[in-house]
Structures are given as C-alpha cells and as structure tokens.
Amino acid sequence: MILIQGKGVSKGVTKGKLYFFQRPDTTIEKKAAADLEAEKARLADAQAKAMDQLTALAEKCRAEAGDESAVLFETHAMFVEDDDYVETIMDTLEEEQCNAEYAVKAAGEQFAAMFAAMDDAYMQARAADIGDVTQRILNNLMGVAEGGIDSDEPVILAADDLAPSETLQLDKSKILGFITMGGSGNSHTAILARTMGIPAICGAGEALKESYQGRLAYIDGETGKLILDPDELTLAALKDKYEKQMEHKRLLETMKGQEDVTLDGRKMMLYCNIGSPEDVDAVITNDGQGIGLFRSEFLYLAASDYPSEDEQFEAYRKVAAAMNGKRVVIRTLDIGADKQVDYFEMKKEENPAMGVRAIRICLNRPEVFRTQLRALYRASAYGKVAIMFPMITSVWEVRECKRACQKVMAELEAEGIPYNKDTEIGIMIETPSSVFVADALAKEVDFFSVGTNDLTQYTLACDRQANDLGKFFDPHHPAVLRALKMATDAAHAAGIWIGICGELGADISLLPTFLAIGIDELSVSPTSVLPLRAEIRKSIAKTCTLEKLEC
Ligand code: PEP
Ligand code: MG
C-alpha cells in the first residue's frame with residue numbers, strides 16, 4: 001500500500017485512475033525529417049483535427065453565449081486554412097527538410113511578429129490568435145489532449161498545480177477528483193473542486209510521482225489521503241466512508257425546498273458562488289436561493305483577447321435569466337495576482353497580490369471597465385442583477401465606480417437600450433482598509449460581501465497561495481472574525497445587508513459565530529448549500545455567542 005498525505009480541501013471519497021495533467025511542451029527543437037512525406041501527412045492530420053476542434057468549439061459557444069463568441073473560433077479556423085500561413089509552413093518543411101513541429105512553430109512566430117508590428121491595434125491583437133492557432137496545431141502534432149485529459153474514462157487529475165486559466169479549459173466531465181503537489185485550500189483548483197462537489201487534495205508534494213500515472217487510486221478529500229493498492233482494512237474503511245457519504249447525500253436531498261431559517265426565526269440568505277454560466281445548473285440542483293458571487297473573470301481568462309460587450313452580455317443575461325428573478329451578484333473583473341491574462345500586458349510586479357489588480361485595473365483602464373458595465377446593465381433587464389466591485393480600499397474608488405455606472409446608464413438611456421436603473425451596487429470587503437472605513441463605505445452602496453480569502457491574506461499577512469504557512473494561515477483568527485463583526489456593524493448601522501462570499505462562509509463550525517455577528521447572507525459553493533441549510537435549521541440564533549472573537 002502506498003499512502004500520500006496532503007491537505008484535504010474538498011470533501012468526498014472516490015476512486016479512479018490517476019492521470020497527470022498534460023501541459024503543452026513549448027520547447028520544440030529542429031530535427032531532420034527521416035521521411036518528409038510522413039511529416040507532411042502528420043501535418044495534414046493535425047490541421048484537420050484543429051479544424052474539427054474549432055468547428056465544435058464554435059458550435060458550443062454559439063449555443064451557450066451567442067453568435068459573437070463563436071466568431072473567435074471561426075476566425076481561428078480561417079487561420080488554420082489561410083493560404084499564406086500554410087504555404088509558409090510547407091516552404092519551411094521543403095527547404096529545411098525538418099520535422100512538422102518546427103515548421104509550424106517557425107511559421108507561427110513569423111506571422112505573430114508580422115501582426116504585432118502592424119500599426120492598427122486590431123491587427124496587432126491578431127498576433128495572440130495566430131499564437132493560439134499555432135499552439136493548437138502543435139498540440140495535435142505532439143498528441144497533447146485538448147482539455148488536458150486524454151482518457152476515455154473519468155480520472156483523478158494530478159498536477160503540480162493548476163493555473164486559473166488551465167482549470168477553465170479542463171474537460172470537467174472527465175474529472176472524479178483532484179490532487180496537486182502545491183496549492184492551498186484557497187487556490188482555484190480547490191474552489192473549482194468544491195463547486196463541482198468532488199474530492200480534492202492539495203500540497204501532496206514530491207510524494208506524488210508521475211510514475212503512478214494510470215494506477216487505480218483512492219482519494220479522501222476530508223483526510224487529504226491518496227492511497228494506491230490499499231490493504232484490506234483500509235479498503236473496507238474507504239468503502240464504509242463512501243457508503244456513509246451516499247447516505248448523507250440522500251438525507252440532504254430532504255433539505256431541498258426548505259427555508260433557510262433558524263429555529264427562532266432568524267433568516268439567512270443561502271446563495272452560491274459560480275465561476276462560469278455552466279455552474280448555474282449546480283446552483284439550481286442544490287437549491288441555492290441566489291448567486292452571491294459570479295466571478296466574471298472566466299470570460300477574460302478563457303479568451304485570447306478582450307471579450308466584447310455582446311459576448312459578456314450574453315453570458316450575464318444567460319445566468320440572470322436562468323435564476324428566474326433570484327438575485328445574481330456579478331463581480332466586475334478581478335484579475336492580477338494569481339490570475340494573469342497575457343493580452344492585458346500588465347507590467348511584471350514584485351508583489352502582484354498587492355499590485356495593480358481587480359478594481360485598480362478597471363479604474364486605470366476606463367474603456368475595459370465601461371465595456372463590462374454596459375454588458376452588466378444590459379443584462380440587468382433580464383433578471384435581478386447586482387453589481388459588485390472587488391478589492392476596494394477607499395471611498396473615492398467606490399465613488400469613481402458609481403460615476404462610471406451613471407455614465408453607462410445615461411448612454412443606454414440615450415440609445416434606448418433597456419436596463420434596470422435600480423440595479424444594486426455592492427462592494428467586496430477584502431482589505432483591512434475597507435473594514436476600517438466600512439462606516440463611510442456603507443453609506444455609498446447597497447450591500448457588502450466579505451471576501452474572506454483575501455481578507456485573511458491581507459489581515460494576517462499570509463499568502464493565500466502558499467501551502468507551507470501552516471498554523472500561521474488561520475481564517476478563524478480573532479482578527480479576521482473581528483473584522484467581520486466591524487464590517488457587519490457598519491453595514492447594519494447604514495441599513496444595508498452583508499454577506500460572506502469567501503470560502504469561510506461554508507465553514508459549518510463558524511455558523512454560530514456568523515449568526516452571533518449578524519451576517520445576513522452566505523454565498524458558498526453549490527454543494528455546500530444543503531449541509532448549511534440543515535445546520536441553520538437546527539440552530540438557535542439568540543443562543544449563539546461571540547466567544548470565537550476572544551483572543
Ligand atoms: C475572496 O477573496 O474571498 C473572494 C471571494 O474572492 P477571490 O477568491 O476570487 O479572490
Ligand atoms: Mg478576493
């Protein structure tokens with residue numbers, strides 16, 4: 001039996017084959033072609049495969065987000081077949097008598113440089129498209145699977161760590177669970193696993209060896225254990241736990257349709273966090289009463305250029321309409337720090353978590369902000385949309401955001417485009433500064449939502465991505481809980497509601513503290529809704545105390 005101990009970050013027991021995430025190899029060397037005709041045939045196959053993939057992607061996008069988002073993949077398909085591009089690849093093959101990979105890479109670089117040198121900004125941006133197309137053909141040549149998983153059956157996905165943009169592109173139907181060498185409970189792989197309701201382990205370290213590829217593994221996302229070749233006793237314990245998990249799931253089903261209210265009548269709004277429109281199904285299945293955090297950056301991370309207003313509008317409209325009048329809080333762009341997007345061409349920073357990220361980018365780039373706000377206000381005509389700004393530290397930032405909203409509303413008014421002028425505006429409380437000035441901020445907005453992932457990071461000066469901070473990274477720290485109380489008191493004094501949308505909101509052991517503090521809403525991964533509802537319905541709010549705020 002082999003036991004690998006990591007940190008459990010998403011509960012559940014499951015078994016499946018271990019599969020190591022495939023990252024495209026970017027080091028392509030020039031080799032002499034042993035058989036030039038064979039290289040040409042490989043190239044033709046890779047191009048044909050790229051055409052099939054792009055046609056399928058365009059169809060999927062058209063169905064999910066409308067015509068405009070499909071255009072990107074249609075443009076990519078045109079590049080694959082572009083006469084000049086193909087001729088350049090063939091010329092290199094003939095002249096250099098080399099491998100297809102090298103010829104494709106050389107042509108891709110040549111075309112990307114040509115586009116980048118053009119005067120027109122639109123044409124310059126096409127350099128990223130040609131880069132994407134080239135990488136797609138290269139992946140096909142090298143047998144790198146799309147979605148990172150080349151397997152017919154679902155697997156337990158293993159990786160060193162996964163970047164947010166990588167998790168977005170994964171084929172989710174093929175994943176039973178995650179295990180990563182690095183990462184932490186707040187990393188995006190962990191958040192994704194909780195949204196999907198599948199087990200995940202992070203921080204497994206070097207013990208997770210690639211030589212285990214393909215072996216049957218058992219993972220327990222609660223204890224953080226991965227086991228290969230379990231002995232009889234361990235196997236029996238795992239089976240038992242699996243059965244109990246199934247039984248618990250059946251019991252939770254009875255919570256569907258029940259009110260989120262304590263025994264003494266205190267109501268709690270139980271909302272969900274989502275990362276893309278695809279996640280709405282999970283919200284509805286788990287009976288979430290709204291969406292408390294829609295991380296809009298998926299649109300930016302998955303693209304190779306700025307998503308257009310129409311593309312964004314379609315995605316927001318779809319979620320708002322699907323939620324059928326229930327509140328949908330959409331957070332404006334929150335990139336920077338661990339979420340890097342190449343086409344934003346951000347300067348490299350020493351401390352990106354404290355650099356130009358989130359609302360700072362939006363306020364520095366009014367055009368990017370305006371496009372998103374227009375899409376959000378247009379979507380507000382199709383459901384109960386609320387807009388939320390991340391990483392707020394100062395009152396002036398909120399006022400500037402509100403001015404941008406006013407401007408956009410005036411534009412839509414003048415253009416005769418429908419929108420909801422009473423769209424709620426809220427901010428995230430995720431910096432200590434926002435807690436200290438919460439009284440002033442509360443007078444500016446309709447609601448607060450506490451991002452405890454970042455609030456813990458900034459309050460305790462502990463990197464949320466690092467997995468070796470151990471006991472120093474403590475979201476239960478009285479400083480974090482007191483910050484919650486200060487923000488709640490300020491919100492209630494101004495007559496606005498306050499929720500928690502960070503991962504701490506799903507921590508059942510803190511529910512009595514949240515009730516004592518007076519939190520109005522918890523926004524959690526969809527699979528946490530029913531367990532929390534069961535707990536809320538057993539609680540008595542007036543007996544809950546603030547003891548955890550003591551040092
Ligand atoms: C948070 O910081 O708690 C939060 C919800 O935002 P994100 O995890 O996307 O930074
Ligand atoms: Mg945050």
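Fair warning: this is a prediction, and the values are worked out from it, not measured in the lab.

Enquirer: Teacher, can you tell me more about the overall build of the chain here?
Expert: Tallying secondary structure elements over the chain gives 20 helices and 16 strands in all. Rg of the C-alpha trace for the chain: 25 Å, near the compact-globule value of 24 Å for 551 residues, within the 12% margin. When its C-alpha atoms are laid out on the principal axes, the chain stretches across 80 × 70 × 40 Å. In the chain, which comprises 551 residues, the proportion classed as buried is 53%. Within the chain, residue pairs in contact and separated by at least 24 positions form 70% of the contacts whose partners lie at least 6 positions apart. Looking at the chain as shown, the accessible area adds up to about 24,400 Å², and 52% of this sits on carbon and sulfur atoms. With 60 positive and 89 negative side-chain charges, the chain shows a spacing of 8 Å between the two charge centroids.

Enquirer: I would appreciate a short explanation of the sheet that holds strand β14 (residues 447-450) in the present structure.
Expert: Sheet strands line up and pair through hydrogen bonds in the backbone, either parallel or antiparallel. Read around the closed barrel, the 8 strands follow the order β9-β10-β11-β12-β13-β14-β15-β16; overall the barrel is parallel. Strand-to-strand twist of the sheet, defined as the mean angle between neighbouring strand axes without regard to direction, takes the value 25°. Sitting on the sheet, helix α20 (residues 529-536) is in contact with β9 (269-274) and β16 (521-524), with an inclination near 165° to β9.

Enquirer: In this structure, what is going on with the coordination of the magnesium ion (ligand 2)? I would like to understand it.
Expert: By definition of the ideal shapes, a tetrahedral metal site with four donors has angles of 109.5 degrees and an octahedral site with six donors has angles of 90 or 180 degrees. Coordination of the magnesium ion (ligand 2) by the protein comes from Glu-430 (OE) and Asp-454 (OD), over a distance range of 2.1 to 2.2 Å. Of this pair, Glu-430 sits in the loop between β13 (424-429) and α15 (432-436) while Asp-454 sits in helix α17 (residues 452-460); the two residues are 24 residues apart in sequence, bridging distant segments of the chain. By the burial criterion, Glu-430 is buried, and Asp-454 matches it.

Enquirer: Would you explain the site of ligand 1 in this entry?
Expert: Close to ligand 1 lie 14 residues, the nearest being Arg-295, Arg-331, Gly-451, Asn-453 and Arg-464. Residue Thr-452 places a main-chain N or O atom 3.1 Å away from an oxygen atom belonging to ligand 1. Between Asp-454 and ligand 1, the recorded distance is 3.0 Å, taken from a backbone N or O atom to an oxygen atom. When residues of the shell around ligand 1 are traced back to their parent elements, those giving at least two are β10 (291-295) and α17. Top contributing element to the shell around ligand 1 by residue count: α17, with 3 residues.

Enquirer: Before we go on, may I ask you to explain the pairing of strand β15 (residues 497-500) in this structure?
Expert: Two faces, one strand: in a regular strand the side chains alternate between the faces of the sheet. The two faces of β15 match: Trp-497 and Gly-499 on one face and Ile-498 and Ile-500 on the other face are all buried. The sheet contact formed by β14 and β15 spans 4 bridges and is parallel. Looking across to β15, one finds that Val-450 is bridged to Ile-500. Once the chain exits β15 it traverses helix α19 (residues 511-517) before rejoining the sheet at β16, and the crossover so formed is right-handed.

Enquirer: How should I be thinking about the packing of helix α11 (residues 309-322) against helix α13 (residues 366-379) in this particular structure?
Expert: Helices that pack against each other are described as a pair by the angle of their axes relative to one another and the distance between those axes. Viewed as axis vectors pointing N to C, α11 and α13 meet at an angle of 35°, and their least axial separation amounts to 8 Å. Between α11 and α13 lies a crossing of right-handed hand. For the pair α11 and α13, contact is made by Glu-309, Asp-310, Gln-312, Phe-313, Tyr-316, Arg-317 and Ala-320 and by Thr-371, Gln-372, Arg-374, Ala-375, Leu-376, Arg-378 and Ala-379, respectively.

Enquirer: What's the story with the sheet that holds strand β1 (residues 2-5) in this structure? I'm lost.
Expert: Strand order across the open sheet formed by 8 strands is β1-β8-β7-β3-β4-β5-β6-β2, with mixed pairing between neighbours. Strand pairing shows two members of the sheet lacking a second neighbour, β1 and β2 (7-10), which therefore form its edges. The average undirected angle you get between the axes of adjacent strands in this sheet is 30°. Summarising the sheet, β1 and strand β8 (residues 225-228) pair through 4 bridges and their orientation is antiparallel. Its bridge partner being in β8, Ile-4 is matched across the sheet by Leu-226. Each of β2, β5 (175-180) and β6 (200-202) touches helix α7 (residues 188-196); the most contacted strand, β5, lies at about 155° to it.

Enquirer: When you look at a negative patch on the surface in this model, what are you seeing that I'm missing?
Expert: A contiguous patch of negative charge, built from Asp-83, Asp-84, Glu-87, Asp-91 and Glu-95, is present on the exposed surface. In this structure, Glu-87 sits in helix α3 (residues 83-96). Under the relative-accessibility criterion, Glu-87 is labelled partly exposed at 48%.

Enquirer: Can you help me understand the pattern of salt bridges in this one?
Expert: With the rule as written, the count across this model stands at 39 salt bridges. In this structure, the salt-bridge partner of Arg-42 is Glu-39, at a minimum N-O distance of 2.8 Å. With Arg-42 and Glu-39 both in helix α1 (residues 36-65) and 3 residues apart, this pair spans about one turn of that helix. Take Glu-39: its relative accessible area is 13%, and that puts it in the buried class. Note that Asp-454 and Arg-357 form a salt bridge whose closest N and O atoms lie 3.3 Å from each other. One end of the pair, Asp-454, is in helix α17; the other, Arg-357, is in the loop between β11 (327-331) and α12 (359-364), with 97 residues separating them in the sequence. Comparing Asp-454 with Arg-357, the two get one shared label, buried.

Thresholds applied
- Residues numbered from 1 in each chain as written.
- Chains lettered and ligands numbered in written order.
- Predicted model: local features only at pLDDT ≥ 70, side-chain atom pairs only at ≥ 80, totals over all residues.
- Heavy atoms only, no water.
- Helix = DSSP H or I, 4+ residues; strand = E, 2+ residues; numbered from the N terminus.
- Rg over C-alpha atoms; globule rule 2.2 N^0.38 Å.
- Buried < 20%, exposed > 50% of the residue type's maximum accessible area, 1.4 Å probe, protein only.
- Contact = heavy atoms within 4.5 Å.
- Areas by Shrake-Rupley, 256 points an atom, 1.4 Å probe, with all protein chains shown as cover.
- Lys, Arg positive; Asp, Glu negative; His and termini not counted.
- Charge placed at Lys NZ, Arg CZ, Asp CG, Glu CD.
- Pairing = 2+ DSSP bridges.
- Axes fitted to C-alpha atoms, helices over the stretch in contact; angles between N-to-C directions.
- Donors = N, O, S within 2.8 Å, 3.2 Å for Na, K, Ca; no water.
- Near = heavy atom within 4 Å.
- Polar contact = N/O pair within 3.5 Å; in protein donor to acceptor, adjacent residues only side chain to side chain.
- Right-handed = clockwise from strand over helix to strand, strands pointing away.
- Left-handed = near helix turned anticlockwise from the far one by under 90°.
- Patch = residues over 30% accessible without salt bridge, like charges linked within 9 Å, V, L, I, M, F, W, Y side chains within 5 Å.
- Salt bridge = Lys/Arg side-chain N within 4 Å of Asp/Glu carboxyl O.

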